[in-house]
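Topology and contacts: notes
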Amino acid sequence: MSNHKSALQYTNADIHINVQSEGFDLSDEMLQLQNCFDKQDQEIGAISSFTGQVRSTEEDQSVVDKSGKLLALSIEHYPGMTEKSLLETCQLANKRWPFKACRVLHRVGYLTVGQPIVLVLVAASHREQAMKACEFIIDHLKTAAPFWKKAIFENTAHWVEAKPSDQLAIKRWQE
Amino acid sequence: MIKLLFFARIKERLGKSEMTIDFVENQSLQTLTQELIKKHGDEWQILLEPDTVFSCNQRVVDRDHIVADGDEVAYFPPVTGG
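A brief structural summary. Note that the structure is a prediction, hence the values are computed from the model and not measured.

Before going further, it helps to examine the overall build of chain B. From N to C terminus, chain B includes two helices and five strands. Starting at the N terminus and ending at the C terminus, chain B contains elements arranged as β-α-β-α-β-β-β. The principal-axis extent of the C-alpha atoms belonging to chain B is close to 35 × 30 × 20 Å. Within chain B, the proportion of its 82 residues that are buried is 28%.

Below, the structure written as structure tokens:
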């Protein structure tokens, strides 16, 4: 686990990164985000949030027939590199859509269906920065941060393959 | 010494998450990995599969990257977080 705060050269945005096994509560995290910036700061006009969670549905029916129901995901990561990568992703987002503060939490370990995996919160002056930075951060982390998911089914378990759609999602930000 | 780390299906296939090897002057990651496969057997070919990602000191690098003494090298499959 680690926290990275205000380590940016070109901005005074407050960036908080955490990789954790425990769950999180959206309203608590929202409060923490608001505590990041000065209460007198009147420039915050928008806060965007994204929560990713473990889906029960498997897109490929042949997998369901063979493996049974998905029970959980087991998420592994590369400690140290993960936090660096997430911080760089937030810095990239902030360079393009300057924001005031952001929090990125990503869980690791055994997560059952319906449990939250990842949270991205971005606070900015205007909605465009908040929403675009939030969307960019989740798209970018999916192809850059060293996390790996193993899908645990009733009858078997296998490592989740990277999806071409995630590569396409990040490419659209390069246009 | 060079520290080697393995993650996800690579770790499972090799049955280990880390090891150290002796540093060799002017050696690329490609050559270092070929030496590992020669020494440990075919199971280790997974390290040179086309989609295996190489990192050095926690940065993704190309396979022709030259390692330095004390480096931390990691091998992992494409990432699937989020």
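What follows deals with the overall build of chain A. The helix and strand tally for chain A stands at five helices and eight strands. Starting at the N terminus and ending at the C terminus, chain A contains elements arranged as β-α-β-α-β-α-β-β-β-α-β-β-α. The proportion of buried residues among the 175 residues of chain A is 35%.

All names here are of chain B. Sheet architecture is open: five strands sit in the order β2-β1-β5-β3-β4, paired in mixed fashion. Each edge of the open sheet is held by one strand with a lone partner, namely β2 (18–21) and β4 (59–61). Looking at each pair of strands side by side, their axes are set apart by 30° on average, direction ignored. Sheet topology note: the strand β1 (residues 2–6)/β2 ladder contains four bridges and is antiparallel. If you follow Leu-5 over to β2, its bridge partner there is Glu-18.

With that settled, consider the packing of helix α3 (residues 81–96) of chain A against helix α4 (residues 127–144) of chain A. Residues and elements named next belong to chain A. α4 packs onto α3 with a crossing angle of 145° between their chain directions and a minimal axis gap of 9 Å. The chirality of how α3 crosses α4 is right-handed. Contact residues: α3 offers Ser-85, Leu-86, Thr-89, Cys-90, Leu-92, Ala-93 and Asn-94, while α4 offers Ala-133, Phe-136, Ile-137, His-140, Leu-141 and Ala-144. Of the residues in the contact of α3 with α4, the class split is nine nonpolar, four polar and no charged.

Here we come to the sheet that holds strand β7 (residues 147–153) of chain A. Residue and element names in this part refer to chain A. Sheet architecture is open: four strands sit in the order β5-β3-β7-β8, paired in antiparallel fashion. Two strands in the sheet have a free side with no partner beyond their single neighbour: β5 (109–112) and β8 (157–159). The average undirected angle you get between the axes of adjacent strands in this sheet is 25°.

Parameters and conventions
Residues numbered from 1 in each chain as written. Chains lettered and ligands numbered in written order. Predicted model: local features only at pLDDT ≥ 70, side-chain atom pairs only at ≥ 80, totals over all residues. Helix = DSSP H or I, 4+ residues; strand = E, 2+ residues; numbered from the N terminus. Buried ≥ 20, exposed ≤ 12 C-beta atoms within 10 Å, placed from the backbone. Pairing = 2+ DSSP bridges. Axes fitted to C-alpha atoms, helices over the stretch in contact; angles between N-to-C directions. Left-handed = near helix turned anticlockwise from the far one by under 90°. Contact = placed C-beta atoms within 7 Å. Nonpolar A, V, L, I, M, F, W, Y, C, P; charged D, E, K, R; others polar.

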